[in-house]
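# Notes for the structure review
Take a look at the letters that make up each chain.
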Amino acid sequence: MIPYAFNYRRATSLADAQAALKASPDAKLLAGGQTLIAAMKMRLAQPSDLIDISGLKELSFIRAEAGQIVIGAGAKHFEVADSTDVRRAIPALASLAYSIGDPAVRHMGTLGGSLANNDPAADYPAAVLALGATITTHTRTIAADDFFTGMFSTALDEGEIITSVSFPIPERAGYAKFPNPASRYAMAGVFVAKTKSGVRVAVTGAGPGVFRVPEMEAALAKNFAADAVANIAVDPSDLNSDIHGSAEYRASLVIAMAKRAVTAAL
Amino acid sequence: MSSISLTVNGKPITIDAEDRTLLVYLLREHLGLTGTHIGCDTSQCGACVVHVNGRAVKSCTMFAAQAEGADVATIEGLAKDGKLHPVQESFREHHGLQCGFCTPGMIMTAIDMIRRVPDLDRAKIRAELEGNICRCTGYHNIVTAIEEAAKRMSSDAKGMAA
């Protein structure tokens, strides 16, 4: 498959990428390209220009700081999965990164690309929302609770570039997903995080976008055990229903995955 | 149109290609390296896996321009002086193929996983083969071929170190 024609340009710095984005209204950033290139090949996307930021060293880092792990937007999934700092501080985040796509996809795909795209079945949004991470762009910081605004939609402004994400280190965290048997995308993925300020539970794959489950959070705050979420009613009215499963089936998957995520966290 | 300079199987190459040229088309149609296959063309099947700077990637989901300055390795570059790579040899010995269409991608993925993953066992091999599909469903022998190649390469490496 051959995409529509476009102009390729390799950015030399973040400032260069900003200027290039501003110069062409239909330009798009290219990070790992594992979603964008597939969409371009299907001719579902037609950028006039691709500005390749994958080589920018300033976006490619993983840093352990006091109480948090800061990951550059350009960090690739395999780098997060393999990082000693991430594995030590937030093992659930490393194992989530290892569960994305396949090895070849993990060698290309990036944290920033996944978040900016906000696919409703992507894994990273669940970790970012459950851990209460902060997204830093070239102009500001955005709290996870304000970042994800719906299917393929985020709080990012036109031309705004994610530069890094700060993940507070939780006391415990776990992630479990039920992958579609064919596509391997999450039909339901649940990330559970226990922090000093409480418990957060975020669900991906089951609905039109990542969301929290306050009833599970309250139950787990009282008793952080798999049994605590077993009888929480998950409302199927906002969940996806398609040939792969009904909304009611997904609601029950959310409970099953939440139990597994809590078990993984213990 | 851009001029792209890269190394393919150890050979430096400079070539003009449209910006929208995917790496797999540069390899197959511009350079005649048709050992890298296009199966699904939607990044699922892994028949197009090559190594870019030593890491397995799907060449149908990467533009050639992104490989500027990179070191690209394809199935054609594996055999040295008429001698098959240990992973190729192991696929031959254990009959790790039926129709053979997925084989180049399987072998490139196998070499990458053997380099990266310590203590490969059958379960790990199957997990690492997530992105490679064999529609003859010949996974059993593919897994055996990779398992045996990993053992051979690790004992060869130990032999060299000794």
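Residues numbered from 1 in each chain as written. Chains lettered and ligands numbered in written order. Predicted model: local features only at pLDDT ≥ 70, side-chain atom pairs only at ≥ 80, totals over all residues.

### Points about the overall build of chain A
From N to C terminus, chain A includes twelve helices and 14 strands. A globule of 266 residues ought to have a C-alpha radius of gyration of about 18 Å, and chain A, at 18 Å, matches this closely. The dimensions of chain A, computed from C-alpha atoms along their principal axes, are 55 × 45 × 30 Å. (Helix = DSSP H or I, 4+ residues; strand = E, 2+ residues; numbered from the N terminus. Rg over C-alpha atoms; globule rule 2.2 N^0.38 Å.)

### Here's the deal with the domain arrangement of chain A
Note: interface size is frequently given as the accessible area lost on complex formation between the parts. Residue and element names in this part refer to chain A. Here the domain parsing of chain A yields domain 1 (7-52), domain 2 (57-168) and domain 3 (172-265). Taken over C-alpha atoms, the centre of domain 2 sits 20 Å from the centre of domain 3. Every contact between the two is made by 21 residues of domain 2 and, on the other side, 25 residues of domain 3. (Domains from an automatic or database assignment. Contact = placed C-beta atoms within 7 Å.)

### As for the domain arrangement of chain B
Residue and element names in this part refer to chain B. When its domains are assigned, chain B resolves into domain 1 (2-77) and domain 2 (86-161). One C-alpha centre belongs to domain 1, the other to domain 2; they are set 22 Å apart. Facing 15 residues of domain 1, the contacting portion of domain 2 comprises eleven residues. Of all the secondary-structure elements, those providing two or more residues to the side of domain 1 that touches domain 2 are strand S3 (49-52) and strand S4 (55-58). Here the side of domain 1 that touches domain 2 takes three residues from S3, the largest share from any one element. Here the side of domain 1 that touches domain 2 is built from residues that sort into seven nonpolar, seven polar and one charged. (Nonpolar A, V, L, I, M, F, W, Y, C, P; charged D, E, K, R; others polar.)

### Quick look at the packing of helix H2 (residues 86-93) of chain B against helix H3 (residues 103-116) of chain B
Residues and elements named next belong to chain B. Remark: H2 packs on H3, axes separated minimally by 10 Å, with the N-to-C direction vectors making an angle of 125°. Compared by their axis directions, H2 and H3 come out oblique. Classified by chirality, the crossing of H3 by H2 is right-handed. On the side of H2, the interface is formed by Val87, Gln88 and Phe91, while H3 contributes Thr103, Ile107, Ala110 and Ile111. A breakdown of the residues in the contact of H2 with H3 according to their chemical character gives five nonpolar, two polar and no charged. (Axes fitted to C-alpha atoms, helices over the stretch in contact; angles between N-to-C directions. Parallel < 35°, antiparallel > 145°, perpendicular 65-115°, else oblique. Left-handed = near helix turned anticlockwise from the far one by under 90°.)

### What to know about unusual backbone geometry
All names here are of chain A. Phi angles above zero are rare outside glycine, and Phe152 is one such case at about 55°. Tracing the chain through its elements places Phe152 in the loop between strand S8 (148-150) and strand S9 (153-154). In the Ramachandran plot, Arg184 falls in the positive-phi region, its phi being about 70° despite a non-glycine side chain. Relative to the elements of secondary structure, Arg184 occurs in the loop between strand S11 (172-179) and strand S12 (186-195).

### A look at helix H1 (residues 23-30) of chain B
Each full turn of the α-helix corresponds to 3.6 residues, which orients residues three or four apart in the same direction. Residue and element names in this part refer to chain B. Those residues of H1 not exposed but buried are Leu23, Val24, Tyr25, Leu26 and Leu27. Looking at the buried side of H1, the elements it contacts are strand S2 (11-17) and S3. Downstream of H1 by one or two residues, Gly32 has phi in the positive range, about 70°. (Buried ≥ 20, exposed ≤ 12 C-beta atoms within 10 Å, placed from the backbone.)

### Some remarks on the sheet that holds strand S5 (residues 71-73) of chain B
Residue and element names in this part refer to chain B. Pairing is mixed in the open sheet, where five strands are placed in the order S2-S1-S5-S3-S4. Looking at which strands have only one partner, the edges of the open sheet turn out to be S2 and S4. Each strand of the sheet is rotated relative to its neighbour by a mean of 40°, with strand direction disregarded. Bridge analysis of strand S1 (residues 2-8) against S5 gives two bridges, and the strand direction is parallel. Bridging from a neighbouring strand, Val8 pairs with Val72 of S5. Running over the sheet, H3 touches S3 and S4 and is turned about 40° from S3. (Pairing = 2+ DSSP bridges.)

### Considerations on the sheet that holds strand S14 (residues 211-212) of chain A
All names here are of chain A. Ordered by their spatial adjacency, four strands build an open sheet running S11-S12-S13-S14, and the pairing between neighbours is antiparallel. In the strand order of this sheet, the two ends are held by S11 and S14, each with one partner. For S12 and strand S13 (residues 198-204), the ladder comprises seven bridges, and the chain directions are antiparallel. By the bridge assignment for S13, Lys194 is matched with Val199. Contacts from helix H12 (residues 247-265) reach S11, S12 and S13 within the one sheet, and its direction differs from that of S12 by about 40°.

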